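Residue-level listing of the chains:
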Amino acid sequence: MRIDVVTIFPAFFDVLEVSLLGRARDAGILDVRVHDLRDFTHDRHRTVDDTPYGGGAGMVMKPEPWGQALDAIAADATEPLRFVFPSPAGAVFTQAAARSWAASGEHLVFGCGRYEGIDERVFSYAATLGEVSLTSIGDYVLNGGEVAAMAMIEAVGRLIPGVVGNPESLIEESHEDGLLEYPSFTKPAAWRGYDVPDVLLSGHHGRVADWRREQQIERTRARRPDLLPD
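Scoring rules and cut-offs
- Residues numbered from 1 in each chain as written.
- Predicted model: local features only at pLDDT ≥ 70, side-chain atom pairs only at ≥ 80, totals over all residues.
- Heavy atoms only, no water.
- Salt bridge = Lys/Arg side-chain N within 4 Å of Asp/Glu carboxyl O.
- Buried < 20%, exposed > 50% of the residue type's maximum accessible area, 1.4 Å probe, protein only.
- Pairing = 2+ DSSP bridges.
- Helix = DSSP H or I, 4+ residues; strand = E, 2+ residues; numbered from the N terminus.
- Right-handed = clockwise from strand over helix to strand, strands pointing away.
- Arc of directions from axis to C-beta.
- Contact = heavy atoms within 4.5 Å.
- Phe/Tyr/Trp six-rings, centres within 6.5 Å; stacked < 30°, edge-to-face > 60°.
- Polar contact = N/O pair within 3.5 Å; in protein donor to acceptor, adjacent residues only side chain to side chain.

Trainee: Account for the pattern of salt bridges, naming residues and giving values.
Mentor: Counting across every chain of the model gives 11 salt bridges. Among the salt bridges present, the one from D4 reaches R2, with a minimum N-O distance of 2.6 Å. Grouping residues by exposure puts D4 and R2 together as buried. Across the pair R121 and D119 runs a salt bridge, and its minimum N-O distance is 2.7 Å. Residue class for D119 comes out buried when judged on its relative accessible area of 15%. Overlapping salt bridges, with partners in common, bring together R2, D4, D31, R33 and D76 in one network.

Structure representation (structure tokens):
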């Protein structure tokens, strides 16, 4: 799968060289390319922002550097393009979206905005090149799109076959079946006055499965009741 990132802080994504995603890049499973938006400017100050029409605080990212960056990526694309712009005004990113993007065969392009955001016309132009998703990772505001892009890249990337060593570990995770994941324990059985539940020591796989399912429901009811059917 190919993933491109456009940002004014390309060094932010050096972390992609480590852990599972780094190994997946080395193995050729993931092709991640990071582009500096300032490379698509043509003035000596490498300007990517300007004052907003209509007034107001802050600056807005100019459309032309974005247009040239998206054109360059599209010219080199061999798969359908999906442009993902992290935005607190976007639809909330979910595990279902991560799985859908991972299985789509699309070429993902993350556009990381800064300041007061990107000129709205960039999204309209990107829609002429591929699908556009304005996506939020939660109801809060960050300084830029890089943190959100990293979160989405990891969520999608780990679902690509071959990235996670044991694919069965992906099946029982939080949100995969609409519930939160059950609690996990390891050795020792007793630790600082806290004991592992007896059912997990029983060796009875059916009872363990029932207990884990009950824990998923109870944990979801306590922490995320919005995920449960009415």
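Now that the structure has been shown, the text picks up again.
Trainee: Summarise the pairing of strand β2 (residues 31–36); cite the residues concerned and give the values.
Mentor: The pairing of strand β1 (residues 2–7) with β2 spans 6 bridges and is parallel. In the sheet register, V5 faces β2, and the bridge partner there is V34. Handedness of the crossover joining β1 and β2 through helix α1 (residues 19–26): right-handed.

Trainee: Can you explain helix α3 (residues 95–103)? Please cite residues and give values.
Mentor: For α3, every residue scored as buried is listed here: Q95, A97, A98, W101 and A102. When α3 is viewed along its axis, its buried side chains cluster within an angular range of 160° and face the same direction. Turned more than 90 degrees off the buried face of α3, the exposed positions are A96 and A103. Turning to α3, the residues buried within the fold contact β5 (81–92), β6 (107–111), β7 (131–136) and α5 (146–157). One or two steps after α3, the chain reaches G105, where phi turns positive at roughly 75°.

Trainee: Which residues make up the packing of aromatic side chains, and what are the values?
Mentor: Applying the stated criterion to the full structure yields 5 aromatic pairs. Ring plane angle 65° and centroid distance 4.8 Å describe the contact between F85 and F123, whose orientation is recorded as edge-to-face. You can see F85 sitting in strand β5 and its partner F123 sitting in helix α4 (residues 121–126), a full 38 residues away along the chain. With a centroid separation of 5.5 Å and 45° between ring planes, the pair formed by F93 and W101 is classed as tilted. The pair formed by F93 and W101 is uniform in burial state, with each residue classed as buried. Through successive ring pairs, a cluster of aromatic residues spans W66, F85 and F123.

Trainee: So, the environment of R2: which residues are in play, and what are the values?
Mentor: For R2, the position within the fold is in strand β1. Placed 147 residues apart in sequence, R2 and A149 show a C-alpha to C-alpha distance of 14 Å. Leave out the neighbours within four places in its chain, and R2 touches D31, R33, I73, D76, E79, E106, H107 and L108. Separated by 3.3 Å, the side chains of R2 and H107 make a polar contact.

Trainee: A description of the side chain of S87 should follow, citing residues and the corresponding values.
Mentor: Turning to its location among the elements, S87 is positioned in strand β5. Accessibility expressed as a relative area gives 17% for S87, which makes it buried.

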